Amino acid sequence: MLTHALGLSCVLAAAVFATAMTRRWQDIGLLAITFALAALWLRPAPGPTGCLMVAVAVSRLVRPAWRSIGVAGAGLLAGVWAAWLHREGWPLAPALVMSAVIPGLSAWFSVRRTSFAPLRVTEEALFAVCAVGLLVAAGPVVTTGWGSANALTVPTGVPASGQTPTWLYVVGVGAMTLGGAHSLWRRR
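Residues numbered from 1 in each chain as written. Predicted model: local features only at pLDDT ≥ 70, side-chain atom pairs only at ≥ 80, totals over all residues. Heavy atoms only, no water.

Asks: It is not clear to me how the overall build of the protein chain should be interpreted in this structure. Could you clarify?
Replies: From N to C terminus, the protein chain includes 7 helices and 0 strands. Across the protein chain, helices and strands are ordered from the amino to the carboxyl terminus as α-α-α-α-α-α-α. Contacts in the protein chain between residues at least 24 apart in sequence constitute 83% of all its contacts with a sequence separation of at least 6. Accessible surface computed for the protein chain: about 10600 Å², of which carbon and sulfur atoms make up 72%. (Helix = DSSP H or I, 4+ residues; strand = E, 2+ residues; numbered from the N terminus. Contact = heavy atoms within 4.5 Å. Areas by Shrake-Rupley, 256 points an atom, 1.4 Å probe, with all protein chains shown as cover.)

What follows is the structure in structure tokens.
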């Protein structure tokens, strides 16, 4: 499940971060270069990818004028998504095309239509990406801890089918955290 959460969060974050695109040629070059570098050298791992999502989202929330960080983050996460798709069995060329199209469309629409990504929607999306990034980064550690605790508390000879699945706890805690953080963010 964490593997799929990683892939889905990469495409979500890349699409959200790509809305920082401007008509400057430097932004287009930065998006292309970071995409190529990430697709070639980065490997999809939940911890570093989640931390990257959080860092870019927080920087965009705190300093909205730093649009280049959002563009670079979109390229990096789209490249990680391409690597993830390739690892999941996609041929490399379709994985690269698919992972470039979604943030590319997001950047295209945000440049062409000012109503595509208004400030309030963008802030909420950045906040959601930040929360999802934290969950993705913490997911492997949390599930490993729960697995260890479960192995220590389950008596021998008891079938494991009656246990509550780990993903249920992750989703429940994640939903509560997102809801509480969102209500705090809206009160500011």
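Asks: Just to check I follow, could you spell out a nonpolar patch on the surface for this structure?
Replies: Residues W90, V97, M98, V101, I102 and L105 make up a contiguous nonpolar surface patch of about 480 Å² in total accessible area. By the element assignment, V97 lies in helix 5 (residues 92–112). (Patch = residues over 30% accessible without salt bridge, like charges linked within 9 Å, V, L, I, M, F, W, Y side chains within 5 Å. Salt bridge = Lys/Arg side-chain N within 4 Å of Asp/Glu carboxyl O.)

Asks: Even after reading the chapter, I still don't get the environment of S59, so can you show me in this structure?
Replies: Note that S59 resides in helix 3 (residues 46–62). A residue is classified by how much of its surface remains accessible, and S59, at 13% relative accessible area, is buried. In this structure S59 touches P64, W66 and I69, once residues within four positions along its chain are discounted. One polar contact links the side chain of S59 to the main-chain carbonyl oxygen of V56, over a distance of 2.8 Å. (Buried < 20%, exposed > 50% of the residue type's maximum accessible area, 1.4 Å probe, protein only. Polar contact = N/O pair within 3.5 Å; in protein donor to acceptor, adjacent residues only side chain to side chain.)

Asks: Help me understand the nonpolar core, please; the structure alone is not making it clear to me.
Replies: Within soluble globular proteins, side chains that are nonpolar tend to cluster in buried spots. Within the largest apolar cluster, 36 residues are counted, with the highest numbers of intra-cluster contacts made by C10, F17, L77 and V129. Top contributing element to this core by residue count: helix 4 (residues 67–87), with 9 residues. Not counting residues within four places of it along the chain, the set of residues in contact with C10 comprises T49, M53, L77, V80 and W81. (Core = buried A, V, L, I, M, F, W, Y, C linked by side-chain atoms within 4.5 Å.)

Asks: I keep staring at the environment of A72 and nothing clicks. Help me out?
Replies: For A72, the position within the fold is in helix 4. For A72, a relative accessible area of 17% puts it in the buried group. Distance from A72 to L30, taken between C-alpha atoms, is 6.0 Å for residues 42 residues apart in sequence.

Asks: I keep staring at the packing of aromatic side chains and nothing clicks. Help me out?
Replies: One pair of aromatic rings is described through two measures. These are the centre distance and the angle between the planes. As enumerated under the stated definition, the model contains 1 aromatic pair in all. Over the aromatic face of W108 sits the side chain of R112, whose NZ or CZ is 4.2 Å from the ring centroid. (Phe/Tyr/Trp six-rings, centres within 6.5 Å; stacked < 30°, edge-to-face > 60°. Lys NZ or Arg CZ within 6 Å of the ring centre and 35° of its normal.)

Asks: So what exactly am I meant to see when it comes to helix 4 here?
Replies: Along an α-helix, residues three or four positions apart point the same way, because every turn accommodates 3.6 residues. An ideal rise of 1.5 Å per residue puts 30 Å on 21 residues; helix 4 measures up with 30 Å between its terminal C-alpha atoms. The buried fraction of helix 4 is high, at 15 of 21 residues. G89, located one to two residues past helix 4, shows a positive phi value of around 115 degrees. (Expected span 1.5 Å × (residues − 1).)

Asks: Please clarify how the packing of helix 2 (residues 25–41) against helix 4 should be interpreted in this entry.
Replies: When two helices pack together, their arrangement is given by the angle between the helix axes and by the axis-to-axis distance. For the pair helix 2 and helix 4, the least separation of the axes is 7 Å and the interaxial angle reads 30 degrees. As judged from the angle between their axes, helix 2 and helix 4 are roughly parallel. Like other packed secondary-structure pairs, helix 2 and helix 4 cross with a definite hand, here right-handed. Between helix 2 and helix 4, the contacting residues are D27, L30, L31, T34, F35, A38 and A39 on the first element and S68, V71, A72, A74, G75, L76, A78, G79, V80 and A82 on the second. Tallied by class, the residues present in the contact of helix 2 with helix 4 amount to 12 nonpolar, 4 polar and 1 charged. (Axes fitted to C-alpha atoms, helices over the stretch in contact; angles between N-to-C directions. Parallel < 35°, antiparallel > 145°, perpendicular 65-115°, else oblique. Left-handed = near helix turned anticlockwise from the far one by under 90°. Nonpolar A, V, L, I, M, F, W, Y, C, P; charged D, E, K, R; others polar.)

Asks: Would you mind showing me how to read helix 2 here?
Replies: Over its 17 residues, helix 2 runs 24 Å from end to end, which matches the ideal 24 Å to within 8%, given 1.5 Å per residue. Among all positions in helix 2, only D27, L31, T34, F35, A38 and A39 are buried. Buried positions in helix 2, seen along its axis, are confined to an arc of 125 degrees and lie on one side of it. Pointing more than 90 degrees away from the buried face of helix 2 are the exposed residues W25, I33, L40 and W41. (Arc of directions from axis to C-beta.)

Asks: Even after reading the chapter, I still don't get the packing of helix 3 against helix 4, so can you show me in this structure?
Replies: At a minimum axis separation of 9 Å, helix 3 and helix 4 run at an interaxial angle of 160 degrees. Classified by the interaxial angle, the pair formed by helix 3 and helix 4 is roughly antiparallel. The two elements helix 3 and helix 4 meet at a crossing, and its hand is left-handed. Contact residues: T49, L52, M53, V56, S59 and R60 in helix 3; R67, I69, G70, G73, L76, L77 and V80 in helix 4. In terms of residue class, the contact of helix 3 with helix 4 is built from 7 nonpolar, 4 polar and 2 charged.

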